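Given next are the chains, with one letter for each unit.
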Amino acid sequence: MRFLDIHLEYCDDNGRRLEKIAELGKPFGISVVPVLLLPEHESFKNGIHPSDYYYPDRIVDILRELAKEDFVVFGQQGFAHYCTECLKTEFKDGGKREFKRDLWHENSCFYKKEKSVEEQIEFMKKGKEVIEDKLKVSPLIYCPPNHMFDNNTKTAAEELGYEFFAVKGILSLAPYRERKLKILPERKVWQNGDVFYTHYDQMNEEFCKYLRIIESSTLILDDFFSDKTSKAWLNEKLISVYKTLRDVKNRAIYG
Ligand SMILES: [Zn+2]
Ligand SMILES: [Zn+2]
């Protein structure tokens, strides 16, 4: 299996690369951030995002076209893709950003009590409805922002009926099943693996390499999924370790 999940966040090229990718007619995933479909959202007014960070009209038009194609699998990254609690600490003291911790998680946060299944369902459902309303497609992949999640996230994803759940593939892992979900361990394109991810603006460099991956991509078939192994459990532990170390490192640099 070979599959690229594009995390669509900053759209640096007004959709030119996305059009080229669409022309290939090959399978790929596109995981959108619901709030970026809402230019009127407060995050573009209060400095969380640059005021024009939302998806440009041209991108939205392309996404609507892609939504009609069978070879494109839509994914969803939370609702807002940032953590309201961490934001308060980072923006204190007159809005001076301190960068001591990562802000861009939503389902799970190291600095506060875990969110219940219901709390997670609430914003995930809101995000799903925004995508359905704006793009006329239901997201099949749930991709927790920043690949940060807990068990409640998986339960919430099952209850909301997503078919796939994206995790960071720290280890090289084949896709596997867990309860009702099909887990896609996503790796960077320069690593070995079956499923890859990239941020849209990162494709600017070495775009040909990404095109080659998509050219040789396959549809996600049921046969590709095995049972969850002990290596998969270890991978999940390593995701938390990796994310914790990142914050520790930032605190050492900026703290
Ligand atoms: Zn947080
Ligand atoms: Zn993201």
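I will try to describe carefully the structure that is included in this document. The model shown is predicted, which means the values in this text are computed figures rather than measured ones.

On to the environment of arginine 2. When you line up the elements, arginine 2 lands in the segment before strand E1 (3-8). Between the alpha carbons of arginine 2 and arginine 187 there is a distance of 11 Å; along the sequence they are 185 residues apart. Residues within four places of arginine 2 in sequence aside, it is in contact with Asp194, Phe196, Ile213, Ser216, Ser217 and Thr218. Among the polar contacts listed, one links the side chain of arginine 2 to the side chain of serine 216, at a separation of 2.6 Å.

The zinc ion (ligand 2) binds to the protein through Glu9 (OE), Gln77 (OE1) and His81 (NE2), with metal-donor distances spanning 2.0 to 2.2 Å. Counting residues between consecutive donors of the zinc ion (ligand 2) along the chain gives the motif E-x67-Q-x3-H. Linking glutamate 9 in the loop between E1 and helix H1 (16-24) with histidine 81 in the loop between strand E3 (72-76) and helix H3 (84-90), this pair joins segments that are 72 residues apart in sequence. On the accessibility criterion, histidine 81 (9% relative accessible area) is buried.

What follows covers the nonpolar core. Side chains that are nonpolar tend, in soluble globular proteins, to be buried together. Among the nonpolar cores identified, the biggest contains 66 residues, and Phe28, Ile30, Tyr55 and Leu63 are the most heavily contacted of them. Here this core takes seven residues from helix H5 (residues 117-135), the largest share from any one element. Here tyrosine 55 is in contact with Leu8, Glu9, Cys11, Val32, Val33, Leu36, Leu37, Val60 and Leu63, once residues within four sequence places are set aside. The next biggest cluster of nonpolar side chains, apart from the first, holds 10 residues, and it includes Val73, Phe164, Ala166 and Ile220.

For the zinc ion (ligand 1), the full set of protein donor atoms is Cys83 (SG), Cys86 (SG), His105 (NE2) and Cys109 (SG), at a range of 2.1 to 2.3 Å. Angles of 105 to 117 degrees at the metal separate the four donor atoms of the zinc ion (ligand 1), which places the site in the tetrahedral class. Within one chain, the residues donating to the zinc ion (ligand 1) are spaced in sequence as C-x2-C-x18-H-x3-C. Like cysteine 83, the residue cysteine 86 is buried in the burial classification.

This part covers a negative patch on the surface. Together, Glu118, Glu119, Glu122 and Glu159 line one region of the surface with negative charge. By residue number, the principal contributor to the negative patch is H5, which donates three residues. Structurally, the position occupied by glutamate 118 is in helix H5. On the basis of relative accessible area, glutamate 118 is assigned to the exposed category, the value being 58%.

Let us look at the pattern of salt bridges. As a working rule, side chains carrying opposite charge can pair if their charged atoms are close by. For the structure shown, the criterion picks out 17 salt bridges. Arginine 64 serves as the salt-bridge partner of aspartate 61, at 3.8 Å between the closest nitrogen and oxygen. Residue aspartate 61 and its partner arginine 64 are located together in helix H2 (residues 57-66), separated by three residues, close to a single helical turn. Here lysine 228 ties to glutamate 236 by a salt bridge, and the two come within 3.4 Å at their closest N and O atoms. Accessibility classification places lysine 228 together with glutamate 236 in one group, the buried group. Several salt bridges converge on common partners, so that one network encompasses Lys154, Glu178, Lys228 and Glu236.

Further remarks concern the environment of glutamate 186. Position of glutamate 186 relative to the elements: it lies in strand E7 (residues 181-187). If sequence neighbours within four positions are ignored, glutamate 186 has contacts with Asp5, His7, Cys143, His147, Ala166, Val167, Lys168, Gly169, Val195, Phe196 and Tyr197.

On to a nonpolar patch on the surface, then. A cluster of nonpolar side chains, contributed by Val241, Leu245 and Val248, occupies part of the molecular surface with about 260 Å² of accessible area. Structurally, valine 241 can be placed in helix H8 (residues 230-254). Accessibility expressed as a relative area gives 44% for valine 241, which makes it partly exposed.

Reading guide: rules and limits
- Residues numbered from 1 in each chain as written.
- Chains lettered and ligands numbered in written order.
- Predicted model: local features only at pLDDT ≥ 70, side-chain atom pairs only at ≥ 80, totals over all residues.
- Heavy atoms only, no water.
- Helix = DSSP H or I, 4+ residues; strand = E, 2+ residues; numbered from the N terminus.
- Contact = heavy atoms within 4.5 Å.
- Polar contact = N/O pair within 3.5 Å; in protein donor to acceptor, adjacent residues only side chain to side chain.
- Donors = N, O, S within 2.8 Å, 3.2 Å for Na, K, Ca; no water.
- Buried < 20%, exposed > 50% of the residue type's maximum accessible area, 1.4 Å probe, protein only.
- Core = buried A, V, L, I, M, F, W, Y, C linked by side-chain atoms within 4.5 Å.
- Tetrahedral: all angles 85-135°; square planar, octahedral: opposite > 155°, others 65-115°.
- Patch = residues over 30% accessible without salt bridge, like charges linked within 9 Å, V, L, I, M, F, W, Y side chains within 5 Å.
- Areas by Shrake-Rupley, 256 points an atom, 1.4 Å probe, with all protein chains shown as cover.
- Salt bridge = Lys/Arg side-chain N within 4 Å of Asp/Glu carboxyl O.
- Lys, Arg positive; Asp, Glu negative; His and termini not counted.
- Charge placed at Lys NZ, Arg CZ, Asp CG, Glu CD.

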